[in-house]
Amino acid sequence: MIANKKVAFYTLGCKLNFSETSTIARNFVKEGFERVDFDEKADIYVINTCSVTDNADKRFKSIVKNALKKNDDAFLIAIGCYAQLKPEELAAVDGVDLVLGATEKFNVTSYINDLTKNNVGEIHSCEISDADFYVGSYSIGGRTRAFLKVQDGCDYKCTYCTIPLARGISRSDTLENVISNAKEISSQGIKEIVLTGVNIGDYGKGEFGNKTHEHTFLDLVKELDTIDGIHRLRISSIEPNLLKDETIDFVSKSNSFVPHFHIPLQSGSDILLKKMKRRYLRKTYTDRVINIKKTMPNACIGVDVIVGFPGETDELFLETYNYLNEMDISYLHVFTYSERPNTAALHLDGVVPKKVRTKRSKMLRGLSAKKRRSFYENQLGNHLTVLFENENKGGYINGFTENYVKVKTPWNPELVNTLHKITLTEIDEDGLVRFDFVKDAVAV
């Protein structure tokens, strides 16, 4: 009998993966399985993989080993992007029993007939062209914020990226279903929803199983803003060419959307942006940042940037560094370029040595720390609202303001998942911000 068995989940990668893992886990529970933490002994371990960088690939084997230490008879299942791109490679990892591709992962329980260990992992994987239907997902439980998937796949052909190969064409949830999921999240007492997808600015495409495009991302944002009970809505990551001025303007006046944007740049050099086949040049990015800061001076702006892309000379890297240094941004997510199979960038000249990539990455991470510190300093004295997390970290509880300033105060379990008006006072030695509660403000 398969039911009543214990199942545990591990998620690598992005917010989108977390939303999908959570949905898959709820499906297991509905079918009679008991969900336990990944560090506990379980009968089944499901690992949701990522393949954005080499590092994510390598981590998979160590996670498998850790699971088998808990229970060497456990049934191990690999799903996710790496499982779609390299199913044979995962199936060959010692201890892996089942590998499911992009379309199969949402039906994982139907592939489990018994829990007998396999000598070699069994593979069920589709051609990525078959990944043309949409499965809605959201994360819930264990967090004070939920990740709500609104879109999947990508039609862009960036020369460094394997995501279209792993997730298929761009397609969207129906507006009706997104709203329904958002209301369900709200009913659970969760205060913040983060919108997620592969290319969420492309929302609307494939909403009806084809390229019919009735709704846009702006339509989605406007509709979500009307839902009662959702205190905060956050846009996770959106391409600069798809972040329209109308959306920025709406967020600036919104009831629920917070002044925080994460906008991938990848390079501050037009030469490299063209080689990457990005769909914008630097001027578009500059215009977006200027418009955000004009309408929301205290907005937080995060930036994705890749170092070491083929053809990135010292001069072109410094062009990116100086551009980011001058821009009114708040932090960086720095990715060191890694060669990915079946991508066009593999065939480009000007390969950057690994040591140089590492050095440039350190420089940009240092710049990110400087930018974050400067942003935090500029927020001191401001009256903001904090949503507290649910972890006791060394005797302190952390939280985030609407514009993504991370704050801390001595641990108090009554603060978990509550919103409070605060005044930022000073930056602690660990880089987090101290604050005073605003007197007579009502907690939510």
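## Looking at the overall build of the protein chain
At step 1: Secondary structure summary: the protein chain contains 12 helices and 19 strands in total.
At step 2: Radius of gyration (C-alpha) of the protein chain: 22 Å, near the 22 Å computed for a compact globule of 444 residues.
At step 3: Reported as C-alpha extents along the three principal axes, the dimensions of the protein chain are approximately 60 × 60 × 45 Å.
At step 4: Out of the 444 residues in the protein chain, the part that is buried amounts to 55%.
At step 5: Residue pairs at least 24 apart in sequence account for 72% of intrachain contacts in the protein chain once pairs closer than 6 positions are excluded.
At step 6: Total accessible area on the protein chain stands at roughly 19,700 Å², and carbon and sulfur atoms take up 48% of it.
At step 7: Side chains of the protein chain carry 59 positive and 60 negative charges; the gap between the two charge centres is 5 Å.

## What about the sheet that holds strand β5 (residues 96-100)?
At step 1: Sheet architecture is open: 6 strands sit in the order β2-β1-β3-β4-β5-β6, paired in parallel fashion. Each edge of the open sheet carries a strand with a single partner, namely β2 (34-35) and β6 (122-124).
At step 2: In this structure, strand β1 (residues 6-11) lies alongside strand β3 (residues 44-49), joined through 5 bridges in parallel fashion. Across the sheet, Val-7 pairs through a bridge with Ile-44, a residue of β3.
At step 3: Strand contacts of helix α1 (residues 15-30): β1, β2, β3 and β4 (75-80), with the helix running at about 175 degrees to β1, the strand carrying the most contacts.

## Quick look at helix α10 (residues 282-295)
At step 1: For α10, with 14 residues, the first-to-last C-alpha span of 20 Å sits near the 20 Å given by 1.5 Å per residue.
At step 2: Listed in full, the buried residues belonging to α10 are Tyr-285, Arg-288, Val-289, Asn-291, Ile-292 and Lys-293.

## Examining the nonpolar core
At step 1: Residues Leu-195, Leu-224 and Leu-364 are the most contacted members of the largest nonpolar core, which totals 49 residues.
At step 2: Looking at which element gives the most residues to this core, the answer is helix α6 (residues 175-187), with 5 residues.
At step 3: When sequence neighbours within four positions are dropped, the list of residues in contact with Leu-195 reads Leu-148, Val-150, Ile-200, Phe-217, Leu-220, Leu-224, Leu-233, Arg-234, Ile-235, Ser-236 and Phe-257.
At step 4: Membership of the second largest hydrophobic core comes to 23 residues, among which are Cys-50, Phe-60, Leu-68 and Ala-78.

## A short note on the environment of Asp-436
At step 1: Looking at the element boundaries, Asp-436 is found in strand β19 (residues 433-437).
At step 2: As a C-alpha pair, Asp-436 and Lys-421 span 15 residues in sequence and 8.8 Å in three-dimensional space.
At step 3: Not counting residues within four places of it along the chain, the set of residues in contact with Asp-436 comprises Lys-421, Ile-422, Thr-423 and Thr-425.

## Quick notes on unusual backbone geometry
At step 1: Even without being a glycine, Lys-277 presents a positive backbone phi close to 60 degrees.
At step 2: Among the residues examined, Lys-277 registers a relative accessible area of 53% and is labelled exposed.

## A look at the packing of aromatic side chains
At step 1: Applying the stated rule across the entire model yields 15 aromatic pairs.
At step 2: Ring geometry for Phe-28 against Phe-33: centres 5.0 Å apart, planes inclined by 75 degrees, an arrangement best described as edge-to-face.
At step 3: According to the relative accessible area criterion, Phe-28 is buried, its value standing at 0%.
At step 4: A ring pair is formed by Phe-38 and Tyr-45, whose centres lie 5.0 Å apart and whose planes are at 70 degrees; its orientation type is edge-to-face. Here Phe-38 and Tyr-45 have matching classes, each one buried.
At step 5: Through a chain of ring-to-ring contacts, three or more aromatic side chains come together here, namely Phe-9, Phe-28 and Phe-33.
At step 6: Its end group placed over the ring of Tyr-138, Arg-26 keeps NZ or CZ at 4.0 Å from the ring centre.
At step 7: In this arrangement the basic side chain of Lys-408 is found over the ring face of Tyr-396, its NZ or CZ atom lying 4.1 Å from the centre.

So, how was this worked out
Residues numbered from 1 in each chain as written. Predicted model: local features only at pLDDT ≥ 70, side-chain atom pairs only at ≥ 80, totals over all residues. Heavy atoms only, no water. Helix = DSSP H or I, 4+ residues; strand = E, 2+ residues; numbered from the N terminus. Rg over C-alpha atoms; globule rule 2.2 N^0.38 Å. Buried < 20%, exposed > 50% of the residue type's maximum accessible area, 1.4 Å probe, protein only. Contact = heavy atoms within 4.5 Å. Areas by Shrake-Rupley, 256 points an atom, 1.4 Å probe, with all protein chains shown as cover. Lys, Arg positive; Asp, Glu negative; His and termini not counted. Charge placed at Lys NZ, Arg CZ, Asp CG, Glu CD. Pairing = 2+ DSSP bridges. Axes fitted to C-alpha atoms, helices over the stretch in contact; angles between N-to-C directions. Expected span 1.5 Å × (residues − 1). Core = buried A, V, L, I, M, F, W, Y, C linked by side-chain atoms within 4.5 Å. Phe/Tyr/Trp six-rings, centres within 6.5 Å; stacked < 30°, edge-to-face > 60°. Lys NZ or Arg CZ within 6 Å of the ring centre and 35° of its normal.

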